[in-house]
Amino acid sequence: MDLLIVEDDRDYAGALKAELSALSHDVTVASTGPEALTAVDARVFDAVVLDWMLPLLDGPTVVRRMRERGHRLPVLMLTALGLATEKVGGLDAGADDYVVKPAAAIEIDARLRALLRARGWTEGDGDTLRAGDILVSPGQHRAWRGDRPLDLANLEFKLLAELARHAGSFVTRAMLIERVWGYDFEPTTNIVDVQIRTLRRKLSVGDEADPIVTKRGVGYMLEA
C-alpha cells in the first residue's frame, strides 16, 4: 500500500515508517495537519495513519477537511490514551478506525488491509488505476494527468476509469456502453464517440499527446 503517516513525533514516525516499509508498504511522512492536507491533494494514497494530536490542525480537523474535499481513502486514527472521547471524536470526524499508540506495525497493517477489503479495494493497488502519466482514483472520484488534476464530469470520469482498467488493450464500444452507461444494447446514437471527444480535450492540454488510441471497427485504448 501507498501510505501517508501523519505524526509529529519524529522518532515514532521514523520507527513506524521503517517497520511498515519492511512490510512492503511505500510510506510518506507528514508532521503537521497542513502538510497532510497538501500531501493528499497532491497525490493518491491508499490510506492514511493519522495522529490525533498534531501541530496547527489536530487529527479530527484534518480528517474532516479531507472528507469535505472529497477524499474517501481510509483513515486510521492514532490516539495516545485510547479515551472514549478521542475515539468517538475521530470517528465522528470521518475516520474509519482507531488504534491506541504505540501500536505495532503489524496491527496497523492488519487494520488497514481490513479497511481496504471492506471497501472492496484491491490490496497493493488500493484505489489507484495507472495508465502512463494518468492516475485515476475511483474511490475518491479524482483523476490526474501528471501533476494536473482533471476536472471531469461523472460520465467522463467513469469512461476514463474503464479505459484505465484496461490500459494497453482495446475496449469495444459495446463494452463501454454496458459498463459506463449500463445498457445491455448498443443505442443508435454516437454517445460513446461524443464522450471520447470531450474526454480527449480534457486529457490533452497544450502540447500533451492524446493518450487515447482509436481503432476503427474495434474500439478505444488508453495507452499504458
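Figured I'd write up the structure that's included with this text. As the structure is a prediction and not an experimental result, all values here were calculated from the model. Within every chain, residues take consecutive numbers counted from 1 along the sequence as written. Two thresholds apply to this predicted model, a pLDDT of at least 70 for residue-level local features and 80 or more for giving and counting side-chain atom pairs, whereas whole-chain, interface and lining totals are computed over all residues. Note: side-chain values were computed over all heavy atoms of the structure, leaving out hydrogens and water.

Regarding the overall build of the protein chain
We count it as follows: Only runs of H or I of at least four residues qualify as helices and only runs of E of at least two qualify as strands under DSSP, and these elements are numbered from the N terminus. Throughout, a residue-residue contact means that at least one pair of heavy atoms, one from each residue, lies within 4.5 Å.
A tally of helices and strands in the protein chain yields eight helices and 11 strands. Taking contacts inside the protein chain between residues at least 6 apart in sequence as the whole, the part at least 24 apart equals 57%.

Considering the packing of helix α6 (residues 154-165) against helix α7 (residues 173-181)
Heads up, the rule is: Only the stretch in contact is used when fitting a helix axis, every axis being a line fitted to C-alpha atoms; angles between N-to-C directions are given from 0 to 180 degrees. Any angle from 65 to 115 degrees is called roughly perpendicular, while one under 35 is roughly parallel, one over 145 is roughly antiparallel, and all others are oblique. Each crossing gets its handedness from the near helix: less than a right angle anticlockwise from the far helix is left-handed, clockwise is right-handed. Gly falls in the polar group here, along with every residue not listed as nonpolar (Ala, Val, Leu, Ile, Met, Phe, Trp, Tyr, Cys, Pro) or charged (Asp, Glu, Lys, Arg).
Two elements in contact, α6 and α7, have axes whose closest approach is 10 Å; the angle formed by their N-to-C orientations is 125°. One element, α6, and the other, α7, form an angle in the oblique class. Crossing of α6 against α7: the hand is right-handed. Of the residues in α7, those in contact with Leu-155, Lys-158, Leu-159, Glu-162 and Leu-163 of α6 are Leu-176, Arg-179, Val-180 and Trp-181. Grouping the amino acids of the contact of α6 with α7 by side-chain chemistry returns six nonpolar, no polar and three charged.

Section: the pattern of salt bridges
Heads up, the rule is: When a carboxyl oxygen of Asp or Glu lies within 4 Å of a side-chain nitrogen of Lys or Arg, that pair is called a salt bridge. In this scheme, a residue with accessible area under 20% of its type's maximum is buried, one over 50% is exposed, and one in between is partly exposed, where area comes from a 1.4 Å probe on protein chains only.
Inspection of every chain in the model, using the stated rule, returns 13 salt bridges. For the salt bridge of Arg-173 with Asp-193, the shortest nitrogen-to-oxygen distance reads 3.4 Å. Separated by 20 residues along the polypeptide, Arg-173 in helix α7 and Asp-193 in helix α8 (residues 191-203) bring together distant segments of the chain. Arg-173 sits in the partly exposed class, given a relative accessible area of 22%. One salt-bridge network, held together by shared partners, links Glu-7, Asp-51 and Lys-101.

Quick word on the nonpolar core
Heads up, the condition is: Residues grouped as a nonpolar core are buried Ala, Val, Leu, Ile, Met, Phe, Trp, Tyr and Cys residues, joined through side-chain atoms within 4.5 Å.
In this structure, Val-136, Leu-160, Leu-163, Leu-176, Leu-199, Ile-212 and Leu-222 are the most contacted members of the largest nonpolar core, which totals 25 residues. Per-element tally for this core: the top contributor is α6, with six residues. Those residues within four positions of Leu-176 in sequence are excluded, and the remaining contacts are Leu-159, Glu-162, Leu-163, Val-171, Trp-181, Val-192 and Tyr-220. The next biggest cluster of nonpolar side chains, apart from the first, holds 21 residues, and it includes Phe-45, Met-77, Ala-93 and Ala-95.

Side note on the side chain of Gln-195
Considering the arrangement of structural elements, one finds Gln-195 in helix α8. Judged by relative accessible area, which is 18%, Gln-195 ranks as buried. Aside from chain neighbours lying at most four places away, what touches Gln-195 is Leu-155, Glu-156, Leu-159 and Trp-181.

Structural notes on the sheet that holds strand β8 (residues 142-145)
Where strands meet in a sheet, backbone hydrogen bonds hold them as pairs that are either parallel or antiparallel. Let me state the cut-off plainly: Two strands are counted as paired when DSSP detects at least two bridges linking them.
With antiparallel pairing, four strands are arranged side by side in an open sheet as β6-β7-β8-β9. On the outer flanks of this sheet lie β6 (129-131) and β9 (148-149), each paired with one strand and no other. Two strands pair when backbone bridges link them, and β6 and strand β7 (residues 134-137) are joined in this way by three bridges, in the antiparallel orientation. Within the sheet, the bridge partner assigned to Leu-129 lies in β7 and is Val-136. Here α6 sits on the sheet in contact with β6, β7 and β8, set at roughly 115° to β7.

Quick look at the pairing of strand β10 (residues 212-215)
Two strands pair when backbone bridges link them, and β10 and strand β11 (residues 219-222) are joined in this way by four bridges, in the antiparallel orientation. By the bridge assignment, Val-213 is partnered in β11 with Met-221. Between β10 and β11, which pair antiparallel one after the other, the connecting turn spans three residues, and Gly-217 there sits at a positive phi close to 85°.

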